[in-house]
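Per-entry structural report
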Amino acid sequence: MKAGDEIPTVTVTPDRYLTVRYAGASGDFNPIHVDDDFARQVGLPGRILHGLWTMAQVARAQTEAAGGPHALKRLSVTFRGMGVPESEITVTGSVAKVEDGIATVHAVAEQEGRAIIRNAEAELQVE
Amino acid sequence: MAISTEAVGKRYEPSTYAVGREKIREYAYAVGETNPLHLDVEHARSQGYRDVVAPPMFCVVYCGVALGPVMFDPEVGIDFARLLHSAQEFRWGPLVVSGDEVETTMTVKDISARGEMGFYTFESVSTNQDGDTVCVGTWSNIVRGGEE
């Protein structure tokens, strides 16, 4: 990895019931993620994705680029807007710098042309 | 509702999470991980791990038990109907493996108000049974002001 390199793009389309499976897997059962009626009552279009699930897609893009989970030392993100099921998400990123065996990657997760995670910055241990 | 900063600096009793193989697999499938380190015990062992390896973001699972008491603490006073998870950072140490016992301690790092908006920052520090820090999380939340 060197400055300017792009990391391989991760694309994923969360299916209709993904938020239910992720709620079970993560323990976050906030009804805005699992109950369409509740979500609409609080002004959302329907149930929305868990931000931390989307962050996990950004993390996966890093570990896949760096050759395994051991390489990911830090990840910070800003959540923006909201993600929804049944629409493709694209995670892209590029290497900002490599110093002392640590690559800093800047990344973004987008859905329908909108950033739902932005300012993502990862530190990857590289050989 | 007025924003109280009374809870800044408050530290909570640690909670312990026992990391299990099937929970790692369940989490890995839910987030679309395909690396066999997370799914296949024999593969993980062949790579020198004791058992399947948790994806780094599995930290949300072992931190979850510690986060609840902070989010629901009346002294912190979060209004869930207006809550937004605004930002998140994790720093990781050694990988977590099935069979580990992870202890997480939460602290209220900061609460501030800007107009009717409240900004809440919590920190989680998670250590394994060997005393290694496996993850430090910074959880940033915004509570929007009310209309009434």
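Residues numbered from 1 in each chain as written. Chains lettered and ligands numbered in written order. Predicted model: local features only at pLDDT ≥ 70, side-chain atom pairs only at ≥ 80, totals over all residues. Heavy atoms only, no water.

1. Examining the confidence of the model for chain B
Summary statistics for chain B give a mean pLDDT of 95 and a share of 97% for residues scoring 70 or more. Predicted as a complex, the structure gets a pTM of 0.96 and an ipTM equal to 0.96. (pLDDT = per-residue confidence, 0-100.)

2. So, the pattern of salt bridges
All told, the structure shown has 19 salt bridges over all chains when counted by the stated rule. With a closest N to O distance of 3.1 Å, Lys2(A) and Asp5(A) form a salt bridge. Assessed through its relative accessible area of 54%, Lys2(A) is described here as exposed. For Asp5(A), a relative accessible area of 24% puts it in the partly exposed group. Lys109(B) is the partner of Glu123(B) in a salt bridge, and the nearest nitrogen-oxygen pair spans 4.0 Å. (Salt bridge = Lys/Arg side-chain N within 4 Å of Asp/Glu carboxyl O. Buried < 20%, exposed > 50% of the residue type's maximum accessible area, 1.4 Å probe, protein only.)

3. Examining unusual backbone geometry
Excluding glycine, a negative phi dihedral is what most residues carry, and trans is how most peptide bonds are arranged. Residues and elements named next belong to chain A. The backbone of Glu-86 sits at a positive phi, close to 65 degrees, despite the residue not being glycine. Glu-86 gets classed as exposed once you look at its relative accessible area, which sits at 52%. Even without glycine at this site, Glu-112 takes up a positive phi of about 50 degrees. Looking at where Glu-112 falls in the secondary structure, it is placed in the loop between strand 4 (102-111) and strand 5 (114-125). (Helix = DSSP H or I, 4+ residues; strand = E, 2+ residues; numbered from the N terminus.)

4. Re the interface of chain B and chain A
Counting residues at the interface gives 28 residues for chain B, matched by 26 residues for chain A. For the chain B and chain A pair, buried surface summed over both sides reaches about 2100 Å², with 60% attributable to carbon and sulfur atoms. On the chain B side of the contact with chain A, Ala30(B), Met57(B) and Trp92(B) bury the most area, a combined 24% of that side's loss. Inspection of the chain B/chain A interface yields 1 salt bridge. (Contact = heavy atoms within 4.5 Å. Buried area = accessible area lost by both parts, 1.4 Å probe.)

5. Considering empty space enclosed by the protein
All names here are of chain A. The final tally for this structure, using the stated rule, is 1 cavity of 30 Å³ or more. Reported here for the largest cavity is a volume of approximately 40 Å³. Ranked by the residues each element gives to the lining of the largest cavity, the list is headed by helix 4 (residues 51-66), at 4 residues. Classifying every residue of the lining of the largest cavity by side-chain character gives 7 nonpolar, 1 polar and 2 charged. (1 Å grid on protein atoms, 1.4 Å probe; cavity = no way out; pocket = protein on both sides within 12 Å on 5 of 7 lines; lining within 4 Å. Points joined across faces, edges and corners; volume = space filled by probe spheres on them. Nonpolar A, V, L, I, M, F, W, Y, C, P; charged D, E, K, R; others polar.)

6. Quick notes on the nonpolar core
In this structure, Tyr27(B), Met57(B), Tyr62(B), Phe90(B) and Phe122(B) are the most contacted members of the largest nonpolar core, which totals 71 residues. Looking at this core, the element that brings in the most residues is helix 3 (residues 59-71) of chain B, giving 9 residues. When residues no more than four places from it in sequence are discounted, the contact partners of Phe90(B) are Leu52(A), Met55(A), Lys73(A), Arg74(A), Leu75(A), Met57(B), Cys59(B), Val60(B), Cys135(B), Val136(B), Gly137(B) and Trp139(B). (Core = buried A, V, L, I, M, F, W, Y, C linked by side-chain atoms within 4.5 Å.)

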